[in-house]
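# Descriptive analysis of the structure
Chain residues, written in single-letter form:
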Amino acid sequence: MTKDAYHILNGPKQAFLLGNALQVDVKRLHQNLEQWANEFGDIYRIRLGPSKHIVITNPDIIHEIMRGRPDKFRRMEKMDSIFREEGVHGVFNAEGEEWKIHRKLVAQGLDVRHQQQYFPAILKTTERLMNKWKGMKTPFDVQKDLMRYTVDVTSSLAFGYEMNTIQMGEDVIQNHLEKIFPTIFKRINAPIPIWRYYKSKADKEFDYAFKQINVLIDEFIEKGKEKLDNNPELKEKPSNFLEAILVEAEQEGSISNTEIRGNLLTILMAGEDTTAHTVAWMIYFLSIYPEWQEKILKEVSPYLNNGVITDYTQLSNLKIVEAIANETMRLKPVAPLLLFEPLEDIEVKGYLFAKERKLLVQTRHAAVNESYFSDGDSFNPDRWMNIEKCPHLKHELKAFIPFGSGPRYCPGRNLALTEIKMIVAMLCGNFKFKLTNEPKEIEEIMAFTMMASSFDLCIENRQTI
Ligand code: HEM
């Protein structure tokens, strides 16, 4: 093929200047794209103002793009410029050789060996959450508590800083983080970078949040360096991510403070919403299908010690919790949209993608499609446990991409699964719960990550039932 695929693909009818911009609702962009995929197939084109995009839901093409990084494809350039103008140089927005250095640094800081060292912090935070929930007499905003949980865990393992927002309420870091995602998503979708010429109140808050958080992180870095100098034995066994990457950075030699700071902030941002929203969607399904709460209770009971799992190695036995996590991420992936660009003209599966063409990858459309998963729309965790017993059922793992694919696959996956198992085991082990809202009232909202609209949870302590 010699012609740029954009010019030969089908797609929704475009208006003269705005293209399809008025047909999309940014908060529901992932759903708009899914509807168009039903109409125009697993690869089609759209235009948002002057921005021409190819939308891809075909898993074979998606994997080839993701695996072609960093040499043939990159994340969308706009993402990097949005992060860099706020001073963030980290693994999520780095490319090429720079990315390779960042990736090694971050992947080692998050590997299983280090994770076992971080487990006491996760355990302590899970106990705090349980104690808080034991005192809950009225329905409460569970999503807020889950965000507090993940920000407490991430800041504790990132810097050794005990935030304890679960018991104490908001903290400066969390307040700043809350301002960041919605504005990043708005800026990515803005047809022109208005904020560079005129700053709205949200833009000013966003800039301020980054500035403040950078100052705080710099202080942590200085303290971390001092601690390592005074306790050289920590170089063998770092007690948090900051110490681990400071040791790595010392060995690598060429990593600046700005890059260390960028990666700490990246970890904070990447670890908060993603995991909290995934658990919130799990709670949503477990409330609609309470029989699974009982199955989890049975699975986790042998391992609970005063209401929580205290032995990291036992988490690998939680196959039902794992199946529910997978089924939830298949139906409600918190990162359903990923944005890439080819670094040169590249042909993939017969389509020519011109250099810098914007590729909008939509990961859920295939994951709920009958061609890849039988009865794809239904919540059925059994499909993850008994697949070998049902060879006639479709279960195509290539269409299940909640953590991405290829060399830039999410390095926080294991940490996320540890947190998910710890919270869900504690929740089902101690409580029965249900939503106070009708499930159909709960909507999907896209704000960089895909979250559930607000809902309240009503919980009953099992010991007092
Ligand atoms: C359920 C929770 C999570 C989900 C669904 C998730 C999903 C993703 C996805 C889809 C990507 C893009 C992958 C790609 O481009 O191929 C990603 C990247 C990343 N995630 Fe996660 N993530 C989760 C939790 C975490 C946690 C807990 C951390 C760390 C504390 C983390 C750190 C990162 C980083 C640093 C990247 C960038 C990797 C790179 O560009 O090389 N994530 N994640």
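Up top is the structure.
Below you will find a few notes about this structure. Just so we're clear, the structure is a prediction, and the values are computed from it rather than from any experiment.

Across its full length, the protein carries 15 helices and 14 strands. The C-alpha radius of gyration of the protein comes to 22 Å, within 12% of the 23 Å expected for a compact globule of 465 residues. Seen through its principal axes, the protein has C-alpha atoms that stretch 65 × 55 × 45 Å. In the protein, buried positions account for 43% of the 465 residues. In the protein, once contacts between residues fewer than 6 apart in sequence are set aside, the share between residues at least 24 apart is 74%.

The strands that make up a sheet pair up through hydrogen bonds in the backbone, lying either parallel or antiparallel. With mixed pairing, five strands are arranged side by side in an open sheet as β1-β2-β10-β7-β3. Single-partner strands in this sheet number two, and they are β1 (43–48) and β3 (73–75). For this sheet, the mean angle separating the axes of adjacent strands, direction not counted, is 35°. As paired strands, strand β7 (residues 337–342) and strand β10 (residues 358–362) are joined by four bridges and run antiparallel to one another. Among the inter-strand pairings, L339 is bridged to a residue of β10, identified as L360. In the packing of helix α2 (residues 59–67) onto the sheet, the strands contacted are β1, β2 (51–56), β3, β7 and β10, and the crossing angle to β10 comes to about 125°.

What follows concerns the nonpolar core. V279, A280, V361, I423, V424 and A425 are the most contacted members of the largest nonpolar core, which has 121 residues in total. Counting residues per element, this core draws most heavily on helix α11 (residues 257–288), which supplies 15 residues. Setting aside anything within four residues of it in sequence, one finds V279 in contact with L146, I420, I423 and V424.

Right, let's talk about the site of the ligand for a bit. Taken together, the neighbourhood of the ligand is formed by 27 residues, with A270, G271, G404, C410 and G412 sitting nearest. At the level of secondary structure, the elements contributing two or more residues to the shell around the ligand comprise α4 (96–109), α11 and α15 (413–430). With seven residues, the single largest contributor to the shell around the ligand is α11. Taken together, the residues of the shell around the ligand sort by class into 16 nonpolar, nine polar and two charged.

For α15, spanning 18 residues, the distance from its first C-alpha to its last is 26 Å, which sits close to the expected 26 Å at 1.5 Å a residue. Burial analysis of α15 places 16 of its 18 residues in the buried class, the great majority of the element.

Our next topic: the pairing of strand β11 (residues 431–435). Only one face of β11 is covered, namely the one carrying F431, F433 and L435; the face carrying K432 and K434 has none of its residues buried. With five bridges connecting them, β11 and strand β14 (residues 456–461) associate as antiparallel partners. Opposite K434, over in β14, you have C458 as the bridge partner.

Let us look at the packing of helix α12 (residues 291–300) against α15. Contact pair α12 / α15: the axes reach a minimum separation of 8 Å and the direction vectors enclose 105°. Comparing their axes, α15 and α12 come out roughly perpendicular. Contacts between α12 and α15 involve Q293, I296, L297 and V300 from the first element and V424, A425, C428 and G429 from the second. Grouping the constituent residues of the contact of α12 with α15 by class yields six nonpolar, two polar and no charged.

Of all six residues in β1, six are buried, a share of seventy percent or more. Of the two faces of β1, both are covered, the one formed by I43, R45 and R47 as well as the one formed by Y44, I46 and L48. Of the strand pairs in this sheet, β1 and β2 are connected by six bridges, and their pairing is antiparallel. Directly across from I46, in β2, lies its bridge partner H53. The hairpin formed by β1 and β2 contains two residues between the paired strands, and G49 there has a positive phi angle of roughly 60°.

This next bit is on α11. For α11, built from 32 residues, the straight-helix expectation of 46 Å at 1.5 Å per residue is met to within 8% by its first-to-last C-alpha distance of 47 Å. For α11, a buried count of 28 out of 32 residues is recorded, marking the element as mostly surrounded by other parts of the structure.

Turning our attention to the environment of L264. Along the chain, L264 falls in helix α11. The exposure class assigned to L264 is buried, which follows from the 28 C-beta atoms found within 10 Å. Between the C-alpha atoms of L264 and K398, which are 134 residues apart in sequence, the distance is 31 Å.

Strands sit in the order β4-β14-β11 across an open sheet of three strands; the sheet is antiparallel. In this open sheet, the two strands that pair with only one neighbour each are β4 (140–141) and β11. Of the pairings in the sheet, the one linking β4 to β14 comprises two bridges and is antiparallel in character. For F140, the partnering residue across the bridge sits in β14 and is L457.

Leave glycine aside and you will find that most residues have negative phi; peptide bonds, for their part, are mostly trans. Residue P70 is bonded to the preceding R69 through a cis peptide linkage, with omega at 0°. Position of P70 relative to the elements: it lies in the loop between α2 and β3. Positive phi values are uncommon outside glycine, yet N306 reaches one of about 55°. Among the structural elements, N306 can be located in the loop between β5 (304–305) and β6 (308–309). On the basis of neighbour count, N306 is assigned to the exposed category, with 8 C-beta atoms found within 10 Å. The phi angle at D375 is positive, at roughly 50°, despite the residue not being glycine. Note on placement: D375 falls in the loop between α14 (364–367) and α15.

About the thresholds
- Residues numbered from 1 in each chain as written.
- Predicted model: local features only at pLDDT ≥ 70, side-chain atom pairs only at ≥ 80, totals over all residues.
- Helix = DSSP H or I, 4+ residues; strand = E, 2+ residues; numbered from the N terminus.
- Rg over C-alpha atoms; globule rule 2.2 N^0.38 Å.
- Buried ≥ 20, exposed ≤ 12 C-beta atoms within 10 Å, placed from the backbone.
- Contact = placed C-beta atoms within 7 Å.
- Pairing = 2+ DSSP bridges.
- Axes fitted to C-alpha atoms, helices over the stretch in contact; angles between N-to-C directions.
- Core = buried A, V, L, I, M, F, W, Y, C linked by C-beta atoms within 7 Å.
- Near = placed C-beta within 6 Å.
- Nonpolar A, V, L, I, M, F, W, Y, C, P; charged D, E, K, R; others polar.
- Expected span 1.5 Å × (residues − 1).
- Parallel < 35°, antiparallel > 145°, perpendicular 65-115°, else oblique.

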